[in-house]
Amino acid sequence: MVLLLGGSGYIGSAFVTELHRRRIPFLSISRAEVNYSCFVTLRRLLKEAKVSFLINAAGSTGKPNVDICETNQAEALLGNVVLPKTVSDACEVAGIRWAQISSGCIYSGAFINDNGVVRVEKNLMCPPLKKLVALRPEVVSGYREEDPPNFTFHDLPCSFYSGTKALCEEVLAHDVNAYIWRLRIPFDEFDGERNYLSKLQRYERVYENVNSITHRGDFARACLDLWCGHAPLGTYNVTNPGFVMTHEVVDRIKRILNLSRDFSYWQNDEDFYRYAAKAPRSNCVLDTSKLKAAGVVMRPVMEAIEDSLFNWRSAD
Ligand SMILES: NC(=O)c1ccc[n+]([C@@H]2O[C@H](COP(=O)([O-])OP(=O)(O)OC[C@H]3O[C@@H](n4cnc5c(N)ncnc54)[C@H](OP(=O)(O)O)[C@@H]3O)[C@@H](O)[C@H]2O)c1
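Quick notes on the rules
- Residues numbered from 1 in each chain as written.
- Predicted model: local features only at pLDDT ≥ 70, side-chain atom pairs only at ≥ 80, totals over all residues.
- Pairing = 2+ DSSP bridges.
- Helix = DSSP H or I, 4+ residues; strand = E, 2+ residues; numbered from the N terminus.
- Near = placed C-beta within 6 Å.
- Nonpolar A, V, L, I, M, F, W, Y, C, P; charged D, E, K, R; others polar.
- Axes fitted to C-alpha atoms, helices over the stretch in contact; angles between N-to-C directions.
- Parallel < 35°, antiparallel > 145°, perpendicular 65-115°, else oblique.
- Left-handed = near helix turned anticlockwise from the far one by under 90°.
- Contact = placed C-beta atoms within 7 Å.

(A) Structural detail: the sheet that holds strand β5 (residues 110–114). Strand order in the open sheet made by the three strands is β6-β5-β7, with antiparallel pairing throughout. Unpaired on one side and paired on the other, β6 (117–121) and β7 (140–141) mark the two borders of the sheet. Relative to β7, β5 runs antiparallel, the two being bridged by two bridges. Looking at β7, one finds that F111 is bridged to S141.

Pasting the structure below:
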């Protein structure tokens, strides 16, 4: 029996769909039914329900966005650090393997290959780099799982949300029974307030940047492929291979959804942070070769975006 925590959430519900599709027996519980953040309660549940694998898709993301975590810090710490540690301890006592949903938002930027010299660049939107990335995307490579996170409480600035996600990975670093599955900026074909493709259409102005992003259904499938295929435990970047610049996604949205309206962009970071955002945002590229080496193939990012738009299900 698989135990799914956070199955009511945006990412957890993709696991519900995929577990159903694979006919894998699972139990999805809500905080309202069982206080799974209590160690004794969770340990008892693992035993009584004969749980053999646990997926923790519960956490505190901040609604409508991560800015809320700047003021709701206790909730962010409880949901993103204390809960995963409790789950880790309970699974260790029960002798079962488990998976934590993490995030690529613990990084900023990417590696840049400048005529054979490779360096970390945390801000890919500074003027000379922005042009270089657009003209020669081959100079960009993503962070691998073993690269130290650089958008954390140890490496400021970071958002409080990202800080808690990085702290979670730090706390779980010695857990040999766990998968850490890193997701980035989820999207799919279902219009909704959590979908990146919907958000871009609803923003008054769009923020240009460079990111690896993840199709929500592809994410759940890839994660379950890792577990079902007995891939080694540890950390995996689970994003659709490649990266996108925001304007490339906007171009596809306009073309495929046949939108005639113009999209306007924030002119610079100063205006974006003055008027639209409070906490620093992570924008980064992740390397997915470890996932591929484990035998799990995800479709390229632009293919997943275009497919989502061709199959777009409007909320109306
Ligand atoms: N959405 C994203 O953009 C994104 C990106 C990267 C990583 N992630 C990670 O993916 C995981 C799931 O995110 P999500 O977007 O699916 O979140 P969500 O829609 O808010 O769902 C999270 C679920 O977690 C449970 N929960 C337990 N403790 C909580 C707390 N303190 N505050 C709020 N919810 C709590 C709730 O389920 P019950 O009340 O039913 O138990 C809730 O439905 C998180 O670890 C998040 O950091 C999300």
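(B) Looking closely at the site of the ligand. Taken together, 23 residues sit near the ligand, with G9, S30, A58, G59 and G79 positioned nearest. Secondary-structure elements contributing two or more residues to the shell around the ligand are α1 (10–21), α4 (73–94) and β4 (97–103). In terms of residue count, the dominant contributor to the shell around the ligand is α4 (four residues). Broken down by class, the residue content of the shell around the ligand amounts to nine nonpolar, ten polar and four charged.

(C) Representation of the packing of helix α2 (residues 39–48) against α4. Put simply, α2 and α4 touch, their axes get as near as 9 Å, and they point 40 degrees apart. If you check the angle between α2 and α4, you find them oblique. Here α2 runs over α4; the crossing is right-handed. Across from F39, L42, R43, L46 and K47 in α2, the residues of α4 making contact are T86, V87, D89, A90, V93 and A94. Partitioned by chemical class, the residues of the contact of α2 with α4 number seven nonpolar, one polar and three charged.

Remember that the coordinates give geometry; whether it matters functionally is a separate question.
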